[in-house]
Each structure stands twice: as C-alpha cells, then as structure tokens.
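Next come the chains, spelled out residue by residue.
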Amino acid sequence: METHPDIVEMRQRHTLAERAATTPRAQAIDALALLTGLYLAASPWIAGFGGGDFSRLAINNLIVGIGYALLMSGGFGRAYDRTHSMAWAACALGAWTIIAPWVVAGNVDTTRTITNNVITGVIALLLALAASAAARSSDARGTEGTYGGTER
C-alpha cells in the first residue's frame, strides 16, 4: 500500500504544498494579502467615509475586504491545488475594489473614496497576481518530468 502510485503522488503534492507555503515569498504574500483584506474591510471607518451617503460603499468594502482576506489567507497550505484559481478570483475582487466608487449607487466618487479604493485595489490585485505566479511556478517545478507520479 505504501508504494501505491496514488499515495506516492499525494505525498509529493503535500511536500510541494509545504515547500510553497514555507518560502519567505509565499509567507509575505499571505501576510500582506490578509492585511490588505482587513484594511479594505475597515477602510471606510479608517479613511473616514463610513456614514451618510457612503454607507453602500462602506458595506461593499466590508464584504469585499472580508472575502479577499479569507480567499487569500493560507491559500498555499490549505488548498495548494486550487491556489491558482483562488488567486484569479482575488484578482477580480481587487479590480472590483478599484471601480467600486464609480459603480456603487449613490454619489460616492469623492477624492477620499477614490484614493482609498484605487490604492487598496491595486495592492490587492498585485498581491493576487503574485500569488497566482507563485502557485504556477511551484506547480511547474513540481510536475516537471513526471506523469501520474512516475518518471517519463
């Protein structure tokens, strides 16, 4: 049972996931992505546009920030095979953050909201792209020369 090809392949994937999660680059991306998501969630109150006409944008930032933080935090270790897809979904959230002040109903396109969302959205987008690239490069390194867990 120990030499079954499926078990050997699962061990190799687990080893790759551990290596990917423990690199300084992956840890930095995860930490910065978590902080970016938490900041986005709290940004309406930090930047000072949480009340009045800005309530829809504040709720949007809260939901998108929590979603981004959950999506990006720990992606390498827990869902290594799906990290690439998760990072692309996080890219979409970053892009949405950038355009949200103009799309969200109401008069919320002020200098404060635009500056906050564009800067935070660009950072979120860049971190998601970095996570996607790291997942892709780890996948390429781990599967080179193998087919179904055996050498070609």
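**Student:** Now, about the overall build of the protein chain: what can you tell me, with residues and values included?
**Tutor:** The secondary structure content of the protein chain amounts to 6 helices and 2 strands. Each helix and strand of the protein chain, placed in order from N terminus to C terminus, yields the pattern α-α-α-α-α-α-β-β. Counting across all 152 residues of the protein chain, residues that qualify as buried make up 36%. Within the protein chain, residue pairs in contact and separated by at least 24 positions form 69% of the contacts whose partners lie at least 6 positions apart. With an accessible surface of roughly 8600 Å², the protein chain has 65% of that area assigned to carbon and sulfur atoms.

**Student:** Explain the side chain of T97 residue by residue, including any values.
**Tutor:** Looking at the element boundaries, T97 is found in helix 5 (residues 83–103). Within the local environment of T97, its side chain forms a polar contact with the backbone oxygen of L93, the two atoms lying 2.8 Å apart. Aside from chain neighbours lying at most four places away, what touches T97 is L40, V64, N117 and G121.

**Student:** Residue-level account of the environment of M72, with values.
**Tutor:** With respect to the element layout, M72 can be found in helix 3 (residues 55–72). Accessibility expressed as a relative area gives 4% for M72, which makes it buried. Considering only alpha carbons, one finds M72 and A31, 41 residues apart in sequence, at a separation of 9.0 Å. Here M72 is in contact with I29, D30, A33, A87, A90, L127, A128 and A131, once residues within four sequence places are set aside.

**Student:** Go over a nonpolar patch on the surface, please, and point to the residues and values.
**Tutor:** On the surface, W45, I59, L62, I63, I66 and L70 cluster together to form a nonpolar patch covering roughly 630 Å² of accessible area. Looking at which element gives the most residues to the nonpolar patch, the answer is helix 3, with 5 residues.

**Student:** How would you explain the nonpolar core if you had to name every residue and give the values?
**Tutor:** Judged by nonpolar contacts, I29, A33, Y68, M72, A87, A90, C91, A124, L127, A128 and A131 together constitute the single largest core of 11 residues. Sorting the residues of this core by element identifies helix 2 (24–47), helix 3, helix 5 and helix 6 (111–143) as the ones contributing at least two each. Among the nonpolar cores identified, the runner-up in size contains 5 residues, and L57, A100, V104 and V108 belong to it.

**Student:** Now, about the environment of G65: what can you tell me, with residues and values included?
**Tutor:** Inspection of the secondary structure puts G65 in helix 3. Classification of G65 as buried rests on a relative accessible area of 0%. Along the sequence, G65 and T36 sit 29 residues apart, while their C-alpha atoms lie 7.6 Å from each other. When residues no more than four places from it in sequence are discounted, the contact partners of G65 are G37, L38, L40 and A41.

**Student:** Give me the lowdown on helix 2, citing residues and values where you can.
**Tutor:** A bend of about 50° at A41 is the largest found in helix 2, and the proline P44 appears one to four places after it. When helix 2 is considered as a whole, its buried residues turn out to be A26, I29, D30, A33, T36, G37, L40, A41, S43 and P44. Phi for G48, located one or two positions after helix 2, is positive at around 90°.

**Student:** Any chance you could break down the confidence of the model for the protein chain for me, citing the residues and the numbers?
**Tutor:** Any residue range with low pLDDT should be treated as having predicted coordinates unsuitable for detailed reading. Of the residues in the protein chain, 66% have a pLDDT of 70 or more, and the chain-wide mean is 78. For the protein chain, strand 1 (residues 146–147) is the element with the lowest average pLDDT, namely 36, and helix 3 is the one with the highest, namely 93. Taken together, the stretch residues 143–152 has pLDDT below 50 and engages in 9 contacts with residues farther than four places along the chain or on a different chain.

**Student:** Just give me the short version of the side chain of S43, but keep the residues and values in it.
**Tutor:** Relative to the elements of secondary structure, S43 occurs in helix 2. Overall, the relative accessible area of 0% leaves S43 in the buried class. A distance of 2.9 Å separates a polar atom in the side chain of S43 from the backbone oxygen of L40. Not counting residues up to four positions away in its chain, the partners in contact with S43 are G48, F49, N61 and N116.

About the criteria used
Residues numbered from 1 in each chain as written. Predicted model: local features only at pLDDT ≥ 70, side-chain atom pairs only at ≥ 80, totals over all residues. Heavy atoms only, no water. Helix = DSSP H or I, 4+ residues; strand = E, 2+ residues; numbered from the N terminus. Buried < 20%, exposed > 50% of the residue type's maximum accessible area, 1.4 Å probe, protein only. Contact = heavy atoms within 4.5 Å. Areas by Shrake-Rupley, 256 points an atom, 1.4 Å probe, with all protein chains shown as cover. Polar contact = N/O pair within 3.5 Å; in protein donor to acceptor, adjacent residues only side chain to side chain. Patch = residues over 30% accessible without salt bridge, like charges linked within 9 Å, V, L, I, M, F, W, Y side chains within 5 Å. Salt bridge = Lys/Arg side-chain N within 4 Å of Asp/Glu carboxyl O. Core = buried A, V, L, I, M, F, W, Y, C linked by side-chain atoms within 4.5 Å. Bend = angle between axes of the 7 residues up to and from the residue. pLDDT = per-residue confidence, 0-100.

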